[in-house]
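# What the coordinates show
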Amino acid sequence: MARRLVALSCMILGIGIFLYPTVKDRYETHEQQKILSEWQDNLKELEQPDPQIDSEPDAAREQAVNTVPVSDETQPQQPQTEPALKKIPPQYKPEGVLTIDKINLKLPILTGATKAHMLVSVASIAHTGKPGEVGNYAIAGHRNLTYGKNFNRLDEMKVGDLIKVDTGTKQFIYKVDQKLYVKPTDVWVLEGNGKDREITLVTCHPMGHPTHRLIVKGKLVETKDSTL
């Protein structure tokens, strides 16, 4: 009986170890899609006009703007109606969305390339540039073994391909002009040249036993309104 229990336990443990990578991968993908969906929904909610304000006649709107209450005691404040926004955990609050059509990639960009953030998605590297600004906006991501996951297909990028960063108000489009393989100590790839609006994507290379870093760099070619 004891032997059967031991054998059964070993079998269950083996199945668990075998399934763990698949379950973990699906959970991370679910978290990415959840963050993207909730952030996009929140942006849409914030864009919706207040139905009460819009339904007021022009005269009433003008009166509401020009009327100043005498005091808090004589003019009690009415509670303001705010959109019910979906709550994204603070540690996962994205600063934008990275889209690369060439490799069918669309991911939330988390702030700060910490270990916890990069387990969920791609993340901006601290003390580098900002989207659309002069400088070098650097984004790091894991090169997972699962096909298409995070920066798994980044090596397919070529000079001339487009990289899009959408912040919810603006979309910045960069064109790839360099693809490099460097040592982990070559941090110069994160520096800006002081005049261009650049983006740099960073991941490990090769997959499995990385000894170098794969770097894809681009320069801003177009800015337009957000599509989120």
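Residues numbered from 1 in each chain as written. Predicted model: local features only at pLDDT ≥ 70, side-chain atom pairs only at ≥ 80, totals over all residues. Heavy atoms only, no water.

When helices and strands are counted, the protein shows four helices and eight strands. Reading the secondary structure of the protein in the N-to-C direction produces α-α-α-β-β-α-β-β-β-β-β-β. Within the protein, the proportion of its 228 residues that are buried is 34%. Sequence separation of at least 24 residues holds for 61% of the intrachain contacts in the protein that already meet a minimum separation of 6. (Helix = DSSP H or I, 4+ residues; strand = E, 2+ residues; numbered from the N terminus. Buried < 20%, exposed > 50% of the residue type's maximum accessible area, 1.4 Å probe, protein only. Contact = heavy atoms within 4.5 Å.)

Moving on: the sheet that holds strand E2 (residues 105–111). The sheet built from eight strands closes into a barrel, its strands ordered E1-E2-E3-E4-E7-E8-E6-E5 with mixed pairing. When strand polarity is set aside, the average angle formed by the axes of neighbouring strands in this sheet is 30°. In this sheet, strand E6 (residues 170–182) lies alongside strand E5 (residues 162–166) in antiparallel orientation, the contact comprising five bridges. The residue of E6 that forms the bridge with Ile-163 is Tyr-174. (Pairing = 2+ DSSP bridges. Axes fitted to C-alpha atoms, helices over the stretch in contact; angles between N-to-C directions.)

Tracing the backbone shows Glu-198 in strand E7 (residues 197–205). Of the side chains with opposite charge, Lys-217 comes closest to the buried, unpaired Glu-198, at an N-O distance of 4.6 Å. With residues near it in sequence (within four places) discarded, Glu-198 still touches Glu-133, Gly-135, Asn-136, Tyr-137, Tyr-174, Glu-191, Gly-192, Asn-193, Lys-217, Gly-218 and Lys-219. (Lys, Arg positive; Asp, Glu negative; His and termini not counted. Salt bridge = Lys/Arg side-chain N within 4 Å of Asp/Glu carboxyl O.)

On to the confidence of the model for the protein. Overall, the prediction assigns the protein a mean pLDDT of 75, with 60% of residues at 70 or greater. Low pLDDT (under 50) marks residues 42–85, which in the prediction has 16 contacts with non-local residues, meaning those over four places away or in another chain. (pLDDT = per-residue confidence, 0-100.)

Quick look at the environment of Tyr-174 now. Within the secondary structure, Tyr-174 sits in strand E6. Separated by ten residues in the primary sequence, Tyr-174 and Lys-164 have C-alpha atoms spaced 6.3 Å apart. Among the polar contacts listed, one links the side chain of Tyr-174 to the backbone nitrogen of Gly-132, at a separation of 3.0 Å. (Polar contact = N/O pair within 3.5 Å; in protein donor to acceptor, adjacent residues only side chain to side chain.)

What follows covers the pattern of salt bridges. A complete count under the given rule lists eight salt bridges for this structure. One salt bridge in this structure joins Lys-179 and Asp-155, with 3.2 Å as the shortest N-O distance. Residue Lys-179 is located in strand E6, and its partner Asp-155 is located in the loop between strand E4 (135–140) and E5; the two are separated by 24 residues in the primary sequence. When its relative accessible area of 29% is taken as the criterion, Lys-179 is described as partly exposed. One salt bridge connects Lys-219 with Asp-177, and the closest N-O pair in it is separated by 4.0 Å.

Our next topic: unusual backbone geometry. Of all residues except glycine, most have a negative phi; of all peptide bonds, most are trans. Each neighbour pair has its own omega, and for His-205 with Pro-206 the value is -5°, a cis peptide bond. Locating Pro-206 in the fold gives a position in the loop between E7 and strand E8 (212–225). Not every positive phi belongs to a glycine, and Asn-104 is a case in point at roughly 55°. According to the relative accessible area criterion, Asn-104 is exposed, its value standing at 68%. Positive phi, close to 50°, is recorded for Asn-150, a residue that is not glycine. Position of Asn-150 relative to the elements: it lies in the loop between E4 and E5. Taking the relative accessible area as the measure of exposure, Asn-150 reaches 2% and is therefore buried.

Core analysis: the largest hydrophobic core is formed by 21 residues, its most contacted members being Leu-98, Ile-139, Leu-154, Ile-163 and Leu-201. Among the secondary structure elements, those contributing two or more residues to this core are strand E1 (94–100), E2, E4, E5, E6, E7 and E8. Once residues within four sequence positions are removed from consideration, Ile-163 is found in contact with Leu-98, Thr-99, Ile-100, Met-157, Phe-172, Ile-173, Tyr-174, Val-176, Ile-199, Leu-201 and Val-216. Listed in part, the eleven residues of the second largest apolar core include Met-118, Val-120, Ile-125 and Val-189. (Core = buried A, V, L, I, M, F, W, Y, C linked by side-chain atoms within 4.5 Å.)

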